Each structure stands twice: as structure tokens, then as C-alpha cells.
Amino acid sequence: MTQVRRFEHGSRVPGWDEAVDLDKDPASIPDPATTPVPDELRAEIEGHMAKYPERHSAALPALRAVQRHHGWCSPDAIDQAACVMRVTPAYLDAVATFYDMLETEPKPPHDVYVCTNISCSLRGARDFLAAMQEAADESFNVRAFECLGACDIAPMASVDGVYVGPLEPPDAQVIVHDVKAGRSVLEDKQLARRPVADEEARGPS
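Residues numbered from 1 in each chain as written. Predicted model: local features only at pLDDT ≥ 70, side-chain atom pairs only at ≥ 80, totals over all residues. Heavy atoms only, no water.

Enquirer: Help me get a handle on the overall build of the chain, residues and values and all.
Expert: Counting its regular elements, the chain contains 7 helices and 4 strands. Going from the N terminus to the C terminus, the chain shows its helices and strands as α-α-α-α-β-α-α-β-β-β-α. Every one of the 205 residues in the chain was classed for burial, and the buried ones make up 39%. Of the contacts made within the chain by residues no fewer than 6 positions apart, 66% connect residues no fewer than 24 positions apart. Entry remark: accessible area of the chain is about 12,100 Å², with carbon and sulfur atoms responsible for 52%. (Helix = DSSP H or I, 4+ residues; strand = E, 2+ residues; numbered from the N terminus. Buried < 20%, exposed > 50% of the residue type's maximum accessible area, 1.4 Å probe, protein only. Contact = heavy atoms within 4.5 Å. Areas by Shrake-Rupley, 256 points an atom, 1.4 Å probe, with all protein chains shown as cover.)

Next up, the structure:
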């Protein structure tokens, strides 16, 4: 029987064991006069806010927007989102540090999240993660992920948001080559290209 060692890849949410800084100044909403926000970013965040009756509900899409714009959820990026949303940076920081796909530290431009939950681990995720870490260079952010919700293609990974699987160690080098060449990653193993009973359920390609 395969033995699955839990959490050995550091798959807990980053920062879960960091102490709270109790010496920070009281929270306040950033002043629009002193917090410059790029016009394109402001428009995107305001567009997300318009979709919800309560502006706080736009926190996740707003943080995804600043991460795309800045590369990560930096303190300045969070201040910009907070300024547009009229909330405190602390409110958005609490959201950003909770979700695994929001980065609060500088990171490389390409993300490869390898699922290491039970289904993927039983099918060789540990071997693929090791191969991916070996194949990647400084332009890749490779890390274990607790669950990506695609057990039917285990072992699998998300490569810049594209779900691919089932994966084998040799696929790691292919992923690196595809990303660097600007090609669609592992087209024949993409979840979005698998047959479905209802083509309308697939959504836009």
C-alpha cells in the first residue's frame, strides 16, 4: 500500500504560523489624494464592485486584479485596491493572506501549482513535483497545493491557471518548454479540452 506523507511539501497556507503585528497603526482607508491608482486598474476594480450589492464582496476579484497588474499583492497594491474599494488595507490583507492563489511576497511570473492532496498523492504527485522543481528555473513559481479540485485528472497541476493532467515526471520539461515558447501548455492534457456530455457547460474556449 502506498504511504502518503501529509504536509511534507509545505502545503499549508503561507503565513499560517506568522504572528500578528500588534504594533501597527490603527486601520484607515487610504486617501485618494495621496494614493495614485493606475486608471486601468481602477476601472477593473470598479467594474468588479458594480457586480455586487455590497462592495466588500469584490475583495477577491480586486485582489486578483492588483496581482495581475503588479505581479503580487504588495503593500502598495493592496493600498490601491483599498483606496478604490473604500475599505482598510487590513481588510484586504486578511483576504490576501487567507487564499493560496494570492501572493503576498514577490514571486516569479509563472505559477505552477502541483496538487498534493490525497488523490494526486496516491497517483504520483510527489514524483511530478520533484521533477517540476528540477526542470523549472527562476521564472517559475513552483509549489505544492493542498487541493485544486480536479481529482479525475490526478495527478494534476495548474500552470498559469490552466489545469493539466494526468501528469508524469517527463511532462515537467514539456511544461517549461511550452511556457517559455509562449505555447498552450500540454494541449492534449488540458482539462478544458476533455470531452464533456454538455458542450454548453464547457463555456467559452
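Next comes the rest of the account.
Enquirer: Could you give an account of the layout of surface pockets, naming the residues involved and the relevant values?
Expert: Rolling a probe over the atoms, with the probe sized like a water molecule, indicates the empty space that remains. A volume near 320 Å³ is recorded for the second largest pocket. What lines the second largest pocket is a set of 14 residues, among which R64, Q67, D111, D160 and G161 lie closest to the centre. Contributing elements (two or more residues each) for the lining of the second largest pocket: α2 (59–70) and β1 (110–115). Broken down by element, the lining of the second largest pocket gets its largest block of residues, 3 residues, from α2. Looking at the lining of the second largest pocket residue by residue, the class counts come to 5 nonpolar, 4 polar and 5 charged. (1 Å grid on protein atoms, 1.4 Å probe; cavity = no way out; pocket = protein on both sides within 12 Å on 5 of 7 lines; lining within 4 Å. Points joined across faces, edges and corners; volume = space filled by probe spheres on them. Nonpolar A, V, L, I, M, F, W, Y, C, P; charged D, E, K, R; others polar.)

Enquirer: Report on the nonpolar core, specifying residues and quantitative values.
Expert: Core analysis: the largest hydrophobic core is formed by 22 residues, its most contacted members being I45, L63, V66, M85 and L92. Of all elements in the fold, only α1 (39–49), α2, α3 (75–85) and α4 (89–96) reach the threshold of two or more residues within this core. Looking at which element gives the most residues to this core, the answer is α3, with 6 residues. In this view, M85 contacts I45, M49, R55, H56, A58, A59, A62 and L92; residues no more than four positions away in its chain are not counted. Ranked by size, the runner-up nonpolar core spans 21 residues in total, among them V114, A131, A136 and A172. (Core = buried A, V, L, I, M, F, W, Y, C linked by side-chain atoms within 4.5 Å.)

Enquirer: An account of α2 is requested, with residue identities and associated values reported.
Expert: With 12 residues, α2 should reach 16 Å at 1.5 Å per residue; the first-to-last C-alpha distance of 16 Å fits that figure. Of all the positions in α2, only A59, P61, A62, L63, A65, V66 and Q67 are classed as buried. Where α2 is buried, its residues contact α1, α3 and α4. Phi turns positive, to about 95 degrees, at G71, one or two residues after α2. (Expected span 1.5 Å × (residues − 1).)

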